[in-house]
Amino acid sequence: QVQLVESGGGLVQPGGSLRLSCVASGSGFSIKVMGWYRQAPRKEREFVAADTSDGIQTYADSVKGRFTISRDNAKNTIALRMNTLKLEDTAVYYCYGILGGKAYWGQGTQVTVSS
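Not measured: the values here are computed from a predicted model. (Residues numbered from 1 in each chain as written. Predicted model: local features only at pLDDT ≥ 70, side-chain atom pairs only at ≥ 80, totals over all residues. Heavy atoms only, no water.)

Engineer: Got a minute to help me understand the environment of Asp 61 in this structure?
Structural biologist: With respect to the helices, strands and loops of the structure, Asp 61 is situated in the loop between strand 6 (57-59) and strand 7 (67-72). Taking the C-alpha atoms as reference points, Asp 61 and Asp 89, separated by 28 residues in sequence, lie 13 Å from one another. Reaching out from Asp 61, the side chain makes a polar contact with the side chain of Lys 64 at a distance of 3.2 Å. (Helix = DSSP H or I, 4+ residues; strand = E, 2+ residues; numbered from the N terminus. Polar contact = N/O pair within 3.5 Å; in protein donor to acceptor, adjacent residues only side chain to side chain.)

Spelled out as structure tokens, the structure:
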């Protein structure tokens, strides 16, 4: 059983920055794909960014150039650095990992961008 725990959410003004972190535990194997989704109020959950264990990174168009995903394979941790935050980035951010064809999710961390 894999557990994912996020941290680092909060309230920030437009143009500000936040860094989210996620730690995976309970797996004796390196998780090949880890990343982030988000869900804004009254909207469906959407992909934000992902990183594979061999260093391939992908981003949603809406966050390219502003968000950076980074990973420590040895520690099964992943981070999301979010710069130049916009009002529309407000959402609950979920960390996920794919292991053995199954997706595991964290409990989510709230990011609120507001002036």
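Engineer: Help me understand the state of the cysteines in this model?
Structural biologist: Note on terminology: a disulfide is the covalent bond linking the sulfur atoms of two cysteines. Tallied over the full model, the rule gives 1 disulfide. Covalent S-S linkage joins Cys 22 and Cys 95, the inter-sulfur distance amounting to 2.0 Å. Between Cys 22 and Cys 95 the disulfide shows an S-S torsion of about -80°. By sign, it is left-handed. Taken together, the positions of Cys 22 in strand 3 (residues 18-25) and Cys 95 in strand 9 (residues 91-99) put the pair 73 residues apart, joining distant regions of the chain. Take Cys 22 and Cys 95: they sit in the same class, and that class is buried. (Disulfide = S-S within 2.5 Å. Buried < 20%, exposed > 50% of the residue type's maximum accessible area, 1.4 Å probe, protein only.)

Engineer: Honestly, the side chain of Arg 71 in this entry has me stumped. Any pointers?
Structural biologist: With respect to the secondary-structure elements, Arg 71 resides in strand 7. For Arg 71, which is buried and forms no salt bridge, the nearest opposite charge comes from Asp 51, at a distance of 4.1 Å. At a separation of 3.2 Å, a polar atom in the side chain of Arg 71 contacts the main-chain carbonyl oxygen of Lys 32. (Lys, Arg positive; Asp, Glu negative; His and termini not counted. Salt bridge = Lys/Arg side-chain N within 4 Å of Asp/Glu carboxyl O.)

Engineer: Is there a simple way to explain the pattern of salt bridges in this structure?
Structural biologist: Side-chain pairs of opposite charge can arise where the charged atoms are in close proximity. All chains considered together, the criterion is met by 4 salt bridges. The salt bridge involving Glu 46 is made with Arg 38; its shortest N-O contact spans 2.6 Å. Between Asp 89 and Arg 38 there is a salt bridge; the shortest N-O distance is 2.9 Å. Here Asp 89, found in the loop between strand 8 (77-82) and strand 9, pairs with Arg 38, found in strand 4 (residues 33-39); they are 51 residues apart in sequence, far enough to count as distant. Asp 89 gets classed as buried once you look at its relative accessible area, which sits at 0%. A relative accessible area of 5% means that Arg 38 is categorised as buried. Overlapping salt bridges, with partners in common, bring together Arg 38, Glu 46, Arg 66 and Asp 89 in one network.

Engineer: Looking at this structure, I do not really get the nonpolar core. What am I missing?
Structural biologist: Within the largest apolar cluster, 28 residues are counted, with the highest numbers of intra-cluster contacts made by Trp 36, Leu 80, Met 82 and Tyr 93. Looking at this core element by element, the count peaks at 4 residues for strand 3. (Core = buried A, V, L, I, M, F, W, Y, C linked by side-chain atoms within 4.5 Å.)

Engineer: Please clarify how the pairing of strand 5 (residues 46-52) should be interpreted in this entry.
Structural biologist: Remark: a regular strand shows side chains that alternate across the two faces of the sheet. Most of strand 5 is tucked away, with 5 of its 7 residues classed as buried. The sheet contact formed by strand 4 and strand 5 spans 6 bridges and is antiparallel. Across the sheet, residue Tyr 37 finds its bridge partner in strand 5, namely Phe 47. Between strand 4 and strand 5, which pair antiparallel in sequence order, lie 6 residues; one of them, Arg 42, sits at a positive phi of approximately 65°. Looking at chain direction, strand 5 and strand 6 are connected through 3 bridges and run antiparallel. Across the sheet, residue Ala 50 finds its bridge partner in strand 6, namely Thr 58. If you look at the hairpin formed by strand 5 and strand 6, you'll find 4 residues sitting between the two strands, and Gly 55 has a positive phi there, around 90°. (Pairing = 2+ DSSP bridges.)

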